[in-house]
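Here are the chains, one letter per residue:
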Amino acid sequence: MSLELRVLDDPAEEAARLLAEAARAGGAVALSGGSTPKPAYRRAAELEPDWSRVEIFLADDRCVPPEDERSNFRLVRESLGGVGARIHRIQGELPPEEAAARYDEVVRGRTLDLALLGIGADGHTASLFPNAPALDERERAAVAAEPGMEPFVPRVTLTLPILNAAGLAVFLVTGAEKRAAAARAFASEPSPATPASLVRGARTVVLLDEDAGSDLHFDAI
Ligand code: 6PG
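Residues numbered from 1 in each chain as written. Predicted model: local features only at pLDDT ≥ 70, side-chain atom pairs only at ≥ 80, totals over all residues. Heavy atoms only, no water.

**A closer look at the site of the ligand**
Close to the ligand lie 16 residues, the nearest being Ser35, Thr36, Asp60, His124 and Ala126. In the environment of the ligand, an oxygen atom lies 2.7 Å from a nitrogen or oxygen atom belonging to the side chain of His124. Ala126 places a main-chain nitrogen or oxygen 2.6 Å from an oxygen atom of the ligand. Relative to its free-state accessible area of 410 Å², the ligand is covered by the protein chains to the extent of 90%. According to the grid-proximity analysis, the pocket containing the ligand is the largest pocket. The residue makeup of the shell around the ligand, split by class, is 3 nonpolar, 9 polar and 4 charged. (Near = heavy atom within 4 Å. Polar contact = N/O pair within 3.5 Å; in protein donor to acceptor, adjacent residues only side chain to side chain. Areas by Shrake-Rupley, 256 points an atom, 1.4 Å probe, with all protein chains shown as cover. 1 Å grid on protein atoms, 1.4 Å probe; cavity = no way out; pocket = protein on both sides within 12 Å on 5 of 7 lines; lining within 4 Å. Sits in = over half its atoms within 2 Å of the grid points. Nonpolar A, V, L, I, M, F, W, Y, C, P; charged D, E, K, R; others polar.)

As structure tokens, this is what we get:
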């Protein structure tokens, strides 16, 4: 297991480069929602216009219909544009437990080549919130999760077993409001109080801007 922390002027550009590389290689890639990754997805689609070799999974989604503006599926589909990727969506229009069970059937047994993740100021990642029961899941690859943060709707999330089996976990973290969470997630002891600290791929790359990365004490790792 390796952990690389990189503070960059334009971390989204590097995330896009890694995504385009994964698209070229083919395999399975999990993508997150939220506001941070959108420019990276747009740029990745420019760098690699043919995503027909890769299958896209959602790291998590809000339980809303696919056309809802809060849908992570919608965000991914729109920001990737016409790259021809097959996207396995979470059926957010169903009750959360049912949507999670169906999604679990789709993802269980798969190995993610790359998981693109974000973190919240509270240290959550995907929809794994601090000290949530979903963190204890050891079998299922997807479970229902409580609302946790805005937008306050139930969610479905990938779990630690599948995320930690990923070949490459990429965290994209920007903004001063994430600074303390980044230090807890990537330069402190792992803790369920900071779920991102529990997610590590075979290789983990953390891409931060100056605002988010300035509290990381590299010699403490
Ligand atoms: C979601 C996400 C979530 C996100 C973080 C960071 O559904 O919101 O998948 O885990 O990655 O909350 O979100 P921002 O980029 O909006 O800060």
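**Observations concerning the packing of aromatic side chains**
Applying the stated rule across the entire model yields 1 aromatic pair. Plain terms: the ring middles of Phe171 and Phe186 are 4.9 Å apart, the flat faces sit at 65° to each other, and that makes the pair edge-to-face. Separated by 15 residues along the polypeptide, Phe171 in strand 9 (residues 168–173) and Phe186 in helix 6 (residues 179–186) bring together distant segments of the chain. Each member of the pair Phe171 and Phe186 is classed as buried. Cation over ring: Arg89 sits above Phe73, and NZ or CZ is 5.9 Å from the ring centre. (Phe/Tyr/Trp six-rings, centres within 6.5 Å; stacked < 30°, edge-to-face > 60°. Helix = DSSP H or I, 4+ residues; strand = E, 2+ residues; numbered from the N terminus. Buried < 20%, exposed > 50% of the residue type's maximum accessible area, 1.4 Å probe, protein only. Lys NZ or Arg CZ within 6 Å of the ring centre and 35° of its normal.)

**Notes on the sheet that holds strand 7 (residues 142–145)**
The 3 strands are arranged 4-8-7 in an open sheet whose pairing can be described as antiparallel. Strands with a single pairing partner mark the edges of an open sheet, and in this sheet they are strand 4 (60–62) and strand 7. Averaged over all pairs of adjacent strands, the angle between strand axes in this sheet comes to 20°, irrespective of strand direction. Across 4 bridges, strand 7 lies against strand 8 (residues 155–158) in antiparallel orientation. Along strand 8, the bridge assignment pairs Ala144 with Val156. (Pairing = 2+ DSSP bridges. Axes fitted to C-alpha atoms, helices over the stretch in contact; angles between N-to-C directions.)

**Digging into the sheet that holds strand 5 (residues 86–88)**
Spatial ordering of the open sheet is given by 1-10-9-6-2-3-5, a layout of 7 strands whose pairing is parallel. Both outer strands of the open sheet, strand 1 (2–7) and strand 5, are each paired with one neighbouring strand and no more. On average, adjacent strands in this sheet sit at an angle of 20° to one another, irrespective of strand direction. Pairing analysis gives 2 bridges linking strand 2 (residues 27–31) to strand 6 (residues 114–117), with the strands arranged parallel. Bridged to Val29 within strand 6 is Leu114. Relative to the sheet, helix 1 (residues 11–25) contacts strand 1, strand 2, strand 3 (54–58), strand 6, strand 9 and strand 10 (203–208), its axis offset from that of strand 10 by approximately 145°. Relative to the sheet, helix 6 contacts strand 1, strand 9 and strand 10, its axis offset from that of strand 9 by approximately 160°. (Contact = heavy atoms within 4.5 Å.)

**Some remarks on the packing of helix 2 (residues 38–47) against helix 3 (residues 72–80)**
Between helix 2 and helix 3, the shortest axis-to-axis distance is 8 Å and the interhelical angle comes to 35°. For the pair helix 2 and helix 3, the crossing hand works out as right-handed. Contacts from Lys38, Tyr41, Arg42 and Ala45 in helix 2 reach Leu75, Val76, Ser79 and Leu80 in helix 3. For the contact of helix 2 with helix 3, the class distribution of residues is 5 nonpolar, 1 polar and 2 charged. (Left-handed = near helix turned anticlockwise from the far one by under 90°.)

**Quick word on the packing of helix 1 against helix 2**
Across the interface, helix 1 lies against helix 2 with an axial gap of 8 Å and an inter-helix angle of 50°. Considered as vectors, helix 1 and helix 2 are oriented oblique to each other. Regarding helix 1 and helix 2, the two cross each other, and that crossing is right-handed. Residues Ala12, Glu13, Ala15, Ala16, Arg17, Leu19, Ala20 and Arg24 of helix 1 lie in contact with helix 2, whose contacting residues are Ala40, Tyr41, Arg43, Ala44 and Leu47. (Parallel < 35°, antiparallel > 145°, perpendicular 65-115°, else oblique.)

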